[in-house]
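If you want the building blocks of each chain, they are given just below.
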Amino acid sequence: MKVLIVGGGGREHAIAVKCSESKLVDKLFAAPGNAGIAKLAECVDISVMDADKLVAFAKDNNIDLTIIGPDDPLVAGVADAFIREGLRVFGPAKNAAIIEGSKAFSKDLMKKYNIPSAAYEVFDNANAALSYLETAKMPIVLKADGLALGKGVLICNNLEEAKAGVKTLMLDKQFGTAGDKIVIEEFMTGREVSVLCFCDGTHIKPMTSAQDHKRAKDGDKGLNTGGMGTFSPSPFYTEEVDKFCKEKIYQPTMDAMKAEGRDFTGILFCGLMLTEDGPKVLEYNARFGDPEAQVVLPRMKNDIIEVMEACIDGKLDEVDLQFEDNAAVCVILASDGYPEHYDKGFVINGLDTFDDKDGYYVFHAGTKLTDKGIVTNGGRVLGVTAKGDDLFKARANAYEATKWIDFENKYMRNDIGKAIDEQ
Ligand code: AMP
Ligand code: GLY
């Protein structure tokens, strides 16, 4: 088979590694890919948003399967362009990707179908939002309705902050039209868990759990980022929690989307909060998490292409999804200053150290191949993942492996996986 991966981050590199291990794949392409993916795939310089060029490339090169990694093209309907041409694509159509593309849509869906989540109100008028806040309980959470690079969520501790938040989102339009509408949501407390699920429109199969670290600094301080590190599995995601989520969240979400005429095929990422009243949905994403994919996929035993094909064919019920009985930890190596200003273009040393090490991975995100070698080219530069027999060993291995890589401006959190000390 010829397979095309759309995207160029750490998530797509993790997908590319799994695809390269598949016995079904003869040739791998990526658009646009990155310097790490280029070792496994032929990278073509097409934007993830350019549906016409992607489809033309797939046709011209007889691509058997296209996998769309990021949220933006999915929400914009790039999968639909493939479906219209009768091409096989892994990733939800636009009318299903709305579950990530509009927080108001997903909140209304959960309410209509009794899927546990925080209480909320939707506003498309700033004055109405401001007067609602006057009597609301604090802290409170404001969310831009649309995509905002994972930064459209504001946790407000008091009325003053909340009012300023409404101004930021709706009046100053910091996230553009994503903030034309906002969700104001009850603040929840508890452990957060990410569960990524394969979906075929009817059936849904959760993968092993993971936990992300969204804040830039140790101790969950600093600004929200795309994610600074992950571990898998989450010791807090017990069998009891899993049973509850399967019955009350995963399958009901699939059924709800079907009932709405929005059959969901691809990855449904459920961001969960394990509250005192039980697990509740924080958010849905319509794709693999990044960096969640960088710990979950290395632990997956199945051939990823077989599972994706089963999703497209509506036969996921025939798949026995299996994960290794171990753990993995991913530490993101970022450019100092991320997620705000940072310099780039620094040479990265030590990447080769990973070549002959089983159970260790270096996934590229913001990197570029130049005549000086591979250089830093983004905020999140690399994801260093290591496996271990348990979370403690995986964490020690991952931090050891971060020492193999060296570049000017290297920044990482030193407390990825700290939560496992508290279990
Ligand atoms: P989201 O992009 O919706 O996952 O939100 C980003 C982060 O904000 C989440 O990972 C949580 O840490 C936090 N968050 C979102 N919604 C809530 C909520 N209702 N209560 C508490 N924290 C929240
Ligand atoms: N790591 C969170 C996300 O991919 O949205």
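Parameters and conventions
- Residues numbered from 1 in each chain as written.
- Chains lettered and ligands numbered in written order.
- Predicted model: local features only at pLDDT ≥ 70, side-chain atom pairs only at ≥ 80, totals over all residues.
- Heavy atoms only, no water.
- Pairing = 2+ DSSP bridges.
- Helix = DSSP H or I, 4+ residues; strand = E, 2+ residues; numbered from the N terminus.
- Axes fitted to C-alpha atoms, helices over the stretch in contact; angles between N-to-C directions.
- Near = heavy atom within 4 Å.
- Polar contact = N/O pair within 3.5 Å; in protein donor to acceptor, adjacent residues only side chain to side chain.
- Areas by Shrake-Rupley, 256 points an atom, 1.4 Å probe, with all protein chains shown as cover.
- Contact = heavy atoms within 4.5 Å.
- Phe/Tyr/Trp six-rings, centres within 6.5 Å; stacked < 30°, edge-to-face > 60°.
- Buried < 20%, exposed > 50% of the residue type's maximum accessible area, 1.4 Å probe, protein only.
- Lys NZ or Arg CZ within 6 Å of the ring centre and 35° of its normal.

**Q** I would appreciate a short explanation of the sheet that holds strand β17 (residues 278-285) in the present structure.
**A** Sheet strands associate in pairs through backbone hydrogen bonding, adopting either a parallel or an antiparallel arrangement. Overall, antiparallel pairing links the 4 strands, which are arranged β11-β10-β16-β17 in an open sheet. Each edge of the open sheet is held by one strand with a lone partner, namely β11 (204-206) and β17. Mean inter-strand twist for the sheet, computed between neighbouring axes without regard to direction, equals 35 degrees. Across 10 bridges, strand β10 (residues 191-200) lies against strand β16 (residues 265-275) in antiparallel orientation. When the bridges of β16 are listed, R191 appears paired with L274.

**Q** Would you mind going over the site of ligand 2 with me for this structure?
**A** Every residue close to ligand 2 is listed here: D212, G226, F269, N285, R287, G289, D290, P291 and E292. One nitrogen or oxygen atom from the side chain of D212 is found 2.8 Å from a nitrogen atom belonging to ligand 2. Backbone polar atom of D290 to an oxygen atom of ligand 2: 2.9 Å apart, as the coordinates give it. Relative to its unbound accessible surface of 200 Å², ligand 2 loses 90% to contact with the protein.

**Q** How do you make sense of the sheet that holds strand β6 (residues 120-123) when you look at a structure like this?
**A** If you trace the 4 strands from one edge of the open sheet to the other, you get β6-β9-β7-β8, paired in antiparallel fashion. Among the strands making up the open sheet, the edge pair consists of β6 and β8 (153-156). Between one strand and the next, the sheet's axes are offset by a mean angle of 20 degrees, whatever the strand orientation. Where strand β7 (residues 140-144) meets β8, 4 bridges bridge the pair, whose relative direction is antiparallel. Opposite K143, over in β8, you have V153 as the bridge partner. Set on the sheet, helix α8 (residues 159-171) makes contact with β6, β7, β8 and β9 (182-186); between it and β7 the angle comes to about 0 degrees.

**Q** Where do I start with the packing of aromatic side chains in this structure?
**A** Aromatic ring pairs are defined here through the distance separating the ring centres and the angle between the ring planes. Using the criterion set out here, one finds 8 aromatic pairs in the structure. Measuring from ring centre to ring centre gives 5.4 Å for F29 and F57, while their planes differ by 75 degrees; the resulting arrangement is edge-to-face. Here F29, found in strand β2 (residues 27-32), pairs with F57, found in helix α2 (residues 51-60); they are 28 residues apart in sequence, far enough to count as distant. Exposure class is identical for F29 and F57. Each is buried. The positively charged end of K27 is found above the aromatic ring belonging to F29, 4.8 Å away from the centroid. Across from the ring centre of F236, 4.0 Å away, lies the NZ or CZ of R191, which sits over that ring.

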